[in-house]
Amino acid sequence: MLRPTTPDDLLEVRALFRDPAFEGWGGPGFRSDSQLREKYVGARLPDVECFLVEVDDRVVGFTQLYADGSGAGTDLILLPAERGAGVGRQVVEALLERVRASGRTHFVVDPSPEDRDAVAFWRAVGFRGRGTLAYPLQETDEQQNVVS
């Protein structure tokens, strides 16, 4: 389901980022090949891990997991045809397993407050708001996952 990106994945990453659903993701306009190489095909390891989301050997989305102090954060985008089928929930579960295994104390996501679908998704998968939305990795108020 999640496959770490490598420089060999530039064509798949480019195809995703050329999809209209990805326009503006990571900044205004479409990303150039040099920007894609620099940001999304493994060049920022170990601080940022990038993954292609695959279903039945088809690339259907992209996610990245980044260090955030004692916690971790993520960005996730799926092609519109894959939304609402449980793929996003499975991706989040896999990312949470990875974050828990690393011993980090919180997990942050920061969807735009204007993106009601994204906020609803993160709430549906268990995140709660604190100015940002948070997913509790541990049962204390001080240690939780955060999502805006």
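Going by the structure above, here's the rest.
Here is a short report on the structure shown in this document.

Rules used in this analysis
Residues numbered from 1 in each chain as written. Predicted model: local features only at pLDDT ≥ 70, side-chain atom pairs only at ≥ 80, totals over all residues. Heavy atoms only, no water. Phe/Tyr/Trp six-rings, centres within 6.5 Å; stacked < 30°, edge-to-face > 60°. Helix = DSSP H or I, 4+ residues; strand = E, 2+ residues; numbered from the N terminus. Buried < 20%, exposed > 50% of the residue type's maximum accessible area, 1.4 Å probe, protein only. Contact = heavy atoms within 4.5 Å. Axes fitted to C-alpha atoms, helices over the stretch in contact; angles between N-to-C directions. Parallel < 35°, antiparallel > 145°, perpendicular 65-115°, else oblique. Left-handed = near helix turned anticlockwise from the far one by under 90°. Nonpolar A, V, L, I, M, F, W, Y, C, P; charged D, E, K, R; others polar. Salt bridge = Lys/Arg side-chain N within 4 Å of Asp/Glu carboxyl O. Polar contact = N/O pair within 3.5 Å; in protein donor to acceptor, adjacent residues only side chain to side chain.

**What about the packing of aromatic side chains?**
Tallying each qualifying case throughout the model produces seven aromatic pairs. Ring geometry for F107 against F127: centres 5.7 Å apart, planes inclined by 50°, an arrangement best described as tilted. Pair noted here: F107 is in strand β5 (residues 107-109) and F127 is in the loop between α4 (116-124) and β6 (128-129), with a separation of 20 residues, a long-range link. In this structure, F107 and F127 share a single accessibility class: buried. With a centroid separation of 5.0 Å and 80° between ring planes, the pair formed by W122 and F127 is classed as edge-to-face. Of the residues examined, W122 reaches a relative accessible area of 6% and is grouped as buried. Chaining the aromatic ring pairs together yields one cluster made of F17, F22, Y40 and F62.

**Regarding the environment of R31**
Within the secondary structure, R31 is located in the loop between α1 (10-18) and α2 (33-40). Linking R31 and R18, residues 13 residues apart in sequence, is a C-alpha distance of 8.1 Å. Beyond its immediate chain neighbours, meaning those up to four positions away, R31 contacts F17, R18, W25, G26, L36 and Y40.

**A closer look at the packing of α1 against α2**
Packing of α1 against α2 leaves a shortest axis separation of 10 Å and a crossing angle of 110°. Considering their axes alone, α1 and α2 lie roughly perpendicular with respect to each other. With respect to the hand of their crossing, α1 and α2 are arranged in right-handed fashion. Only D33, L36, R37 and Y40 of α2 make contact with α1, whose side of the interface consists of L10, V13, R14, F17 and R18. Class assignment of the residues belonging to the contact of α1 with α2 gives a composition of five nonpolar, no polar and four charged.

**Comments concerning the pattern of salt bridges**
Scanning the model with the defined rule gives five salt bridges in all. R3 is the partner of E54 in a salt bridge, and the nearest nitrogen-oxygen pair spans 2.8 Å. With E54 in strand β2 (residues 48-55) and R3 in strand β1 (residues 2-4), this pair connects stretches of sequence that are 51 residues apart. When its relative accessible area of 26% is taken as the criterion, R3 is described as partly exposed. Across the salt bridge formed by E49 and R98, the nearest N and O atoms sit 2.6 Å from each other. With E49 in strand β2 and R98 in helix α3 (residues 87-101), this residue pair connects regions lying 49 residues apart in the sequence. Residue class for E49 comes out partly exposed when judged on its relative accessible area of 21%. Salt bridges here are not isolated pairs; linked through shared partners, they connect R3, D9 and E54.

**Quick notes on the side chain of T5**
If you trace the backbone, T5 turns up in the loop between β1 and α1. A distance of 2.9 Å separates a polar atom in the side chain of T5 from the backbone oxygen of Y40. A distance of 3.4 Å separates the side chain of T5 from the backbone nitrogen of G42, its partner in a polar contact. Not counting residues up to four positions away in its chain, the partners in contact with T5 are V13, Y40, V41, G42, C50, F51, L52 and F62.

**Let's talk about the packing of α3 against α4**
Running from amino to carboxyl end, α3 crosses α4 at an angle of 55°, the nearest separation of the two axes being 10 Å. When the interaxial angle is binned, α3 and α4 end up oblique. Two packed elements cross with a definite hand, and for α3 against α4 that hand is right-handed. Mapping the contact onto sequence places G88, R89 and V92 in α3 and F121, W122 and A124 in α4. In terms of residue class, the contact of α3 with α4 is made up of four nonpolar, one polar and one charged.

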